[in-house]
Amino acid sequence: MAHSCIHWFRKGLRLHDNPALIAALKDCKELYPVFIVDPHLYNKTSVGINRWRFLMGSLKDLDCSLRKLNSRLFVVGGKPEDVFPELFDKWKITKLTYEYDTEPYSLSRDETVTALAKKLNVDVICKISHTLYNIERVIQENNGKTPLTYVRMQAILKSIGPPKRPIPAPSMEDMKDAKTPHSKQDEKQYRLPTLEELGHDTSDLFEEKFPGGEQEALRRLDEHMQRTGWVCAFEKPQTSPNSLSPSTTVLSPYVTFGCLSARTFWWRLTEVYQGKKHSDPPVSLHGQLLWREFFYTASLGIPNFNKMEGNSICTQVDWDTNPEYLAAWREARTGFPFIDAIMTQLRQEGWIHHLARHAVACFLTRGDLYINWEEGQKVFEELLLDGDWALNAGNWQWLSASTFFHQFFRVYSPVAFGKKTDKNGDYIKKYLPLLKKFPAAYIYEPWKAPRSVQEAAGCIVGKDYPRPIVEHEVISKKNIQRMKAAYAKRSAKAPESPSKKQGVKRKQPSVSDMLKKKDKKKK
Ligand code: FAD
């Protein structure tokens, strides 16, 4: 029987390596590619304007590519469970295809839609292509336990073998039997809304450095893959948080929205590595994609992964509630130029380097302000183009030393860290032009500059730029003690360490062992 089929784009905003779309084309007489602007995922509180712009750009690009195949994208607003019955009926749909999505909301949404489709005699096909592997299988291969270390993850993946190869985008030939009927009325009804129509004020938007879409993703990938020496030598810790142009690929927004398939990225790297000496995981680019896989797996296996409470692997910390501190951090008003420059870049451009994320996340949580990582997670989710449920939660837990990383006594200095790669403070000058006349000696600590220097720079600390919100040297020591107490409480509560429970073979050093080691090093 020839089907009338909806392919439901959610993430996976691409034609290449899209097995669910290819499945839609099998025995298909009519194809309706649909994107639903679901208010649960896309609303003005949780998604900032830069991410909206990236999404709209990606959908425009997708529509354009579909039109080249004599199809188009139908954009609909509303809850999927309300939208589908109407569309099924209107287009006499008999098949629905989509890409598997492991976020808790997506899993429950897809269960509801699948049940509804079955009731209405619509076949449902769901394919895995957002991750390199079937991550449910990864957990099964680890005896049903979520791997909680990268080393363990690597061992399991080694036993499974390399990720599947990506599949090509559908061709004209693949589409020849599948028509997309659309009327003039449809053009109007299902067109892509503008940002203004969605209620956004676009007057404050900065230059679009990273436009959304599959074409741009593939162009960017090509550009990087041509730099074979750079790709082979890539070691993440050697890249810079504060270079004036990005020192890593900035493919993350494209991977997050699925404009670029992780498997395409993986196999292009494999081709570049072929026959050459190259870096290895965890620091290589392959290694970065494995971090993504690692956090996705943990996020699927651990309930309440984006929360502290009810999250079995997360240390329970008595974080402070301090709306003023949180607002100062979020709005780049901490008085630490390195931190404020990063938060400004985040707000203006929607992307910051991984180590810059380290610096501001440590500062907000265990380092200085002692605010719950969930608050930082929310701000990142709103402002990052690459805001990703699993990666955001996993990395915030890591940086706050709540999960995965336990060396809470290793705190980033908001002054010294940035200096390592940018002595002159050019990055600060770019994002905080107010400080651009400060000499290098004071650019990271303008409050230490004599009054005459501040006057000459045209910026008085305490008047034109804030004084530091905390005294880092004092507060960070106090916070280490608070973290130590939280860890002690955790050890007292759990006679068996979570790592043992989760089937991790390597013995984790105790916190007191780590502190002793650190003291020894100091001596
Ligand atoms: P590259 O170094 O070029 O890496 C290539 C790809 O590997 C990235 O595009 C990304 O898909 C993946 N990757 C790289 N680093 C990581 C990592 N640490 N964890 C998981 N995957 C990784 N990344 C997101 O995509 N979305 C988020 O919401 C997010 N939140 C973060 C929050 C915090 C507090 C921190 C410290 C990190 C977060 N990251 C997040 C991870 C990482 O910082 C970004 O993926 C990376 O900086 C993106 O830049 P890139 O594409 O140039 O990375």
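Residues numbered from 1 in each chain as written. Predicted model: local features only at pLDDT ≥ 70, side-chain atom pairs only at ≥ 80, totals over all residues. Heavy atoms only, no water.

- Per an unreviewed UniProt entry, the protein goes by the name Cryptochrome circadian regulator 5 and belongs to Xyrichtys novacula.
- In its Sequence similarities (unreviewed entry) section, UniProt records this for the protein: "Belongs to the DNA photolyase class-1 family." (UniProt positions renumbered as here; feature names shortened; annotations may be inferred.)

### A few points about the layout of surface pockets
Alright, step 1. Roughly 700 Å³ of internal volume is contained in the second largest pocket.
Alright, step 2. Residue lining of the second largest pocket: 31 residues in total, with Leu41, Arg51, Glu103, Glu381 and Trp389 positioned closest to the centre.
Alright, step 3. Those elements giving two or more residues to the lining of the second largest pocket turn out to be strand S1 (3–9), strand S2 (28–37), helix H4 (104–119), helix H16 (373–383) and helix H17 (389–399).
Alright, step 4. A per-class count over the lining of the second largest pocket returns 11 nonpolar, 9 polar and 11 charged. (1 Å grid on protein atoms, 1.4 Å probe; cavity = no way out; pocket = protein on both sides within 12 Å on 5 of 7 lines; lining within 4 Å. Points joined across faces, edges and corners; volume = space filled by probe spheres on them. Helix = DSSP H or I, 4+ residues; strand = E, 2+ residues; numbered from the N terminus. Nonpolar A, V, L, I, M, F, W, Y, C, P; charged D, E, K, R; others polar.)

### So, the site of the ligand
Alright, step 1. Within the structure, the ligand sits among 30 residues, and Thr248, Thr249, Val250, His354 and Asp386 are positioned closest to it.
Alright, step 2. Aspartate 386 has a polar backbone atom sitting 2.8 Å from a nitrogen atom of the ligand.
Alright, step 3. With the chains in place, 99% of the 820 Å² that the ligand exposes on its own is no longer accessible.
Alright, step 4. The set of elements that each furnish at least two residues to the shell around the ligand consists of helix H10 (252–256), helix H12 (285–301), helix H15 (354–367) and H17.
Alright, step 5. Here the shell around the ligand is built from residues that sort into 15 nonpolar, 10 polar and 5 charged. (Near = heavy atom within 4 Å. Polar contact = N/O pair within 3.5 Å; in protein donor to acceptor, adjacent residues only side chain to side chain. Areas by Shrake-Rupley, 256 points an atom, 1.4 Å probe, with all protein chains shown as cover.)

### Quick word on the environment of serine 46
Alright, step 1. Structurally, the position occupied by serine 46 is in the loop between S2 and helix H2 (49–68).
Alright, step 2. Considering only alpha carbons, one finds serine 46 and leucine 300, 254 residues apart in sequence, at a separation of 22 Å.

### Quick word on the packing of aromatic side chains
Alright, step 1. With the rule as written, the count across this model stands at 37 aromatic pairs.
Alright, step 2. Between the aromatic rings of phenylalanine 338 and phenylalanine 417, the centroid separation amounts to 6.1 Å while the plane-to-plane angle is 80 degrees, which identifies the pairing as edge-to-face. In this pair, phenylalanine 338 sits in helix H14 (residues 337–349) while phenylalanine 417 sits in helix H18 (residues 416–419), placing the two residues 79 residues apart along the sequence. Like phenylalanine 417, phenylalanine 338 is buried.
Alright, step 3. Taken together, the ring pairs in this structure connect Tyr150, Trp291, Phe294, Phe295, Phe305, Trp389, Trp398, Phe404 and Phe405 into an aromatic cluster.
Alright, step 4. Its guanidinium or amino end placed over the ring of tryptophan 267, arginine 165 lies 3.9 Å from that ring's centre, counting from NZ or CZ.
Alright, step 5. Its guanidinium or amino end placed over the ring of tyrosine 487, arginine 490 lies 5.6 Å from that ring's centre, counting from NZ or CZ. (Phe/Tyr/Trp six-rings, centres within 6.5 Å; stacked < 30°, edge-to-face > 60°. Buried < 20%, exposed > 50% of the residue type's maximum accessible area, 1.4 Å probe, protein only. Lys NZ or Arg CZ within 6 Å of the ring centre and 35° of its normal.)

### Focus on unusual backbone geometry
Alright, step 1. In this structure, the amide linkage connecting proline 281 to the following residue, proline 282, adopts the cis form with an omega of 5 degrees.
Alright, step 2. Mapping proline 282 onto the fold places it in the loop between helix H11 (262–273) and H12.
Alright, step 3. Although it is not a glycine, aspartate 17 adopts a positive phi angle of roughly 40 degrees.
Alright, step 4. Residue position: aspartate 17 is located in the loop between S1 and helix H1 (19–25).
Alright, step 5. Classification of aspartate 17 as buried rests on a relative accessible area of 0%.
Alright, step 6. One non-glycine residue, lysine 92, lies in positive phi territory at about 55 degrees.

### Notes on the UniProt feature "site: Electron transfer via tryptophanyl radical" (unreviewed entry) in the protein
Alright, step 1. In the UniProt entry, the feature "site: Electron transfer via tryptophanyl radical" (unreviewed entry) is given for Trp319, Trp373 and Trp396. With the annotated positions falling across 78 residues, the maximum pairwise C-alpha distance of 14.0 Å places them together in a single cluster.
Alright, step 2. Relative to the elements of secondary structure, tryptophan 319 occurs in the loop between H12 and helix H13 (323–330).
Alright, step 3. Its relative accessible area of 10% is what places tryptophan 319 among the buried residues.
Alright, step 4. Within the fold, tryptophan 396 resides in helix H17.
Alright, step 5. Excluding its chain neighbours within four sequence positions, the residues that come into contact with tryptophan 396 are Trp329, Ala361, Leu364, Thr365, Trp373, Gly376, Gln377 and Phe380. (Contact = heavy atoms within 4.5 Å.)

### A short note on empty space enclosed by the protein
Alright, step 1. With the rule as written, the count across this model stands at 2 cavities of 30 Å³ or more.
Alright, step 2. Estimates place the volume of the largest cavity at around 70 Å³.
Alright, step 3. The wall of the largest cavity is formed by Asn50, Arg53, Phe54, Glu207, Glu208, Lys209, Phe210, Gln348, Glu349 and Leu385.
Alright, step 4. Of all the secondary-structure elements, those providing two or more residues to the lining of the largest cavity are H2 and H14.
Alright, step 5. By residue number, the principal contributor to the lining of the largest cavity is H2, which donates 3 residues.
Alright, step 6. Looking at the second largest cavity, its volume works out to about 40 Å³.
Alright, step 7. Lining the second largest cavity, in full, are Tyr100, Asp101, Thr102, Ile128, Ser129, His130 and Thr131.
Alright, step 8. Along the lines of polarity and charge, the residues of the lining of the second largest cavity split into 2 nonpolar, 4 polar and 1 charged.

### Quick look at the nonpolar core
Alright, step 1. Among the nonpolar cores identified, the biggest contains 69 residues, and Phe9, Phe35, Leu55 and Phe265 are the most heavily contacted of them.
Alright, step 2. Setting aside chain neighbours within four positions, we find leucine 55 in contact with Leu13, Phe35, Tyr42 and Phe257. (Core = buried A, V, L, I, M, F, W, Y, C linked by side-chain atoms within 4.5 Å.)

### Things to note about the packing of H15 against H17
Alright, step 1. It is the contact of H15 with H17, at a shortest axis distance of 9 Å, that shows an interaxial angle of 60 degrees. Taken as axis vectors, H15 and H17 run oblique relative to one another. Crossing handedness for the pair H15 and H17: right-handed. Across the interface between the two elements, His354, His358, Ala361, Cys362, Leu364, Thr365 and Arg366 of H15 pack against Asn395, Trp396 and Leu399 of H17.
Alright, step 2. Per-class residue counts for the contact of H15 with H17 are 5 nonpolar, 4 polar and 1 charged. (Axes fitted to C-alpha atoms, helices over the stretch in contact; angles between N-to-C directions. Parallel < 35°, antiparallel > 145°, perpendicular 65-115°, else oblique. Left-handed = near helix turned anticlockwise from the far one by under 90°.)

### Brief notes about the sheet that holds strand S5 (residues 123–127)
Alright, step 1. Taken in spatial order, the 5 strands make up an open sheet running S3-S2-S1-S4-S5, and their pairing is parallel. Since the sheet does not close on itself, it has two edges, and those belong to strand S3 (74–77) and S5, each with one partner. Neighbouring strand axes in the sheet, compared pairwise and without regard to direction, differ in orientation by 25 degrees on average.
Alright, step 2. Relative to strand S4 (residues 95–99), S1 is paired through 4 bridges, and the arrangement is parallel. Following the sheet pairing, tryptophan 8 is matched in S4 by tyrosine 98. (Pairing = 2+ DSSP bridges.)

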